[in-house]
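Coordinate inspection notes
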Amino acid sequence: MPAPTIRPYEPGADTETVATIWLDASLLAHPFLGLPLLLEHQQLVREKFLSVSENWLACCDGAPVGFISLLDESFVGGLFIAPGWQGRGIGRRLIHHALALKGRLSLEVYLRNEQALRFYTSLGFREVSRRATDDEGLPFENALLELSG
């Protein structure tokens, strides 16, 4: 597989594709949240999240297959790869792209998402802290991870 190209998100033109990638990947990564909550969050991704974050898309043959969203300069608000494209180095490439831009990255990950936790630690992210609930106060433990370039 040729290396994916990385390009900036284009508001409007990319919104539905990114929202679909987000939902499809979230269904695999966060099934414990349940479909109703994930559908609610997908709407927030469309209507708010994408407009307040710096977004980069990984594309293969011109089609988006994953994205990374950065908030507050260097916080990874989301890294999502379409399920059929996972395990091909696309997430790693997006993290390296963001790290090259920002010099350091931080993010939160659900501890129940063991695949993501393994992925981030394999890239050198280190746990800084934990909290017992997520942003909505639900009882899903999160870890704050950091990586310096």
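One structure accompanies this document, and this report is about it. Each chain carries its own residue numbering, running from 1 in the direction its sequence is written. A pLDDT threshold of at least 70 governs which residues receive local features in this predicted model, and a stricter bar of 80 or more applies before side-chain atom pairs are shown or counted, although totals over entire chains, interfaces and linings include all residues. Here the side-chain values reflect all heavy atoms present in the structure, with hydrogen atoms and water set aside.

On a plain count of helices and strands, the protein comes out with four helices and seven strands. Elements are defined by DSSP. Helices are runs of H or I of four residues or more, strands are runs of E of two residues or more, and each kind is numbered from the N terminus. Mapped in sequence order, the helices and strands of the protein form the string β-α-α-β-β-β-α-β-α-β-β. Between the two quantities, the radius of gyration covers C-alpha atoms and the globule rule is 2.2 Å times the number of residues to the power 0.38. Against the 2.2 N^0.38 benchmark of 15 Å for 149 residues, the protein shows a C-alpha radius of gyration of 14 Å, consistent with a compact globule. Of the roughly 7800 Å² that the protein leaves accessible, carbon and sulfur atoms contribute 53%. When charges are counted, Lys and Arg are positive and Asp and Glu negative, with His and the chain ends excluded. Lys charges are placed at NZ, Arg charges at CZ, Asp charges at CG and Glu charges at CD. Computed over 13 positive and 18 negative side-chain charges, the inter-centroid distance for the protein is 7 Å. Surface exposure here means Shrake-Rupley accessible area, sampled with a 1.4 Å probe, where a residue is shielded only by the protein chains that are shown.

Right, let's talk about a nonpolar patch on the surface for a bit. What makes a patch is a set of residues exposed beyond 30% relative accessible area and free of salt bridges, joined within 9 Å when like-charged and within 5 Å when nonpolar (Val, Leu, Ile, Met, Phe, Trp, Tyr). One side-chain nitrogen of Lys or Arg within 4 Å of one carboxyl oxygen of Asp or Glu is enough to make a salt bridge. Where nonpolar side chains cluster on the molecular surface, the patch consists of L27, L35 and L39 and spans about 240 Å² of accessible area. Structurally, L27 can be placed in helix α1 (residues 15-29). Classification of L27 as partly exposed rests on a relative accessible area of 37%. Only protein chains enter the accessibility calculation, which uses a 1.4 Å probe; a residue is then buried when its area is under 20% of its type maximum, exposed when over 50%, and partly exposed in between.

On inspection of all chains with the given rule, the structure shows nine salt bridges. R46 serves as the salt-bridge partner of E16, at 2.8 Å between the closest nitrogen and oxygen. Placement of E16 in helix α1 and of R46 in helix α2 (residues 35-52) is noted, with a sequence separation of 30 residues between them. Two residues, K102 and E73, come together in a salt bridge whose shortest N-O distance is 3.4 Å. Residue K102 is found in helix α3 (residues 90-102), and its partner E73 is found in the loop between β3 (63-71) and β4 (75-81); the two are separated by 29 residues along the sequence. On the basis of relative accessibility, which here comes to 55%, the residue E73 falls in the exposed class.

Across the interface, α1 lies against α2 with an axial gap of 10 Å and an inter-helix angle of 150°. As the angle between them shows, α1 and α2 are arranged roughly antiparallel. Judged by the twist between their axes, the crossing of α1 over α2 is right-handed. For the pair formed by α1 and α2, the contact residues are T15, E16, V18, A19, T20, W22, L23, S26 and L27 on the first element and L35, L38, L39, H41, Q42, V45, R46 and L50 on the second. Each residue is assigned to one class: nonpolar for Ala, Val, Leu, Ile, Met, Phe, Trp, Tyr, Cys and Pro, charged for Asp, Glu, Lys and Arg, and polar for all the others, Gly among them. In terms of residue class, the contact of α1 with α2 is made up of ten nonpolar, five polar and two charged. Lines are fitted to the C-alpha atoms to define the axes, a helix being fitted only along its stretch in contact, and any angle between axes, read from their N-to-C directions, falls within 0 to 180 degrees. Small angles under 35 degrees read as roughly parallel and large ones over 145 as roughly antiparallel, with 65 to 115 read as roughly perpendicular and the rest as oblique. By definition, turning the near helix anticlockwise from the far helix through less than a right angle yields a left-handed crossing, and turning it clockwise yields a right-handed one. Contacts are residue-level and defined by heavy atoms, with any inter-residue pair within 4.5 Å sufficient.

This part is about α3. In this model α3 runs 18 Å from its N-terminal to its C-terminal C-alpha over 13 residues, within 8% of the 18 Å that 1.5 Å per residue would give. What α3 keeps buried is the set I90, G91, L94, I95, A98 and L99. Immediately downstream of α3, the backbone of G103 shows phi near 85°, a positive value. How far a helix is expected to stretch is found by multiplying one less than its residue total by 1.5 Å.

Turning next to the nonpolar core. Note on terminology: a nonpolar core comprises buried Ala, Val, Leu, Ile, Met, Phe, Trp, Tyr and Cys residues joined through side-chain atoms within 4.5 Å. Core analysis: the biggest nonpolar cluster contains 25 residues, and I68, L79, I95, L105, Y120 and F125 have the highest contact counts within it. Taken together, the elements giving at least two residues each to this core come down to β2 (54-60), β3, β4, α3, β5 (104-110), α4 (114-122) and β7 (142-148). The biggest single contributor to this core is α3, with five residues. Filtering out sequence-adjacent residues up to four positions away, L79 remains in contact with F67, I68, G91, L94, I95, F119 and Y120.

Scope: geometric values only; no functional claims are made or implied.
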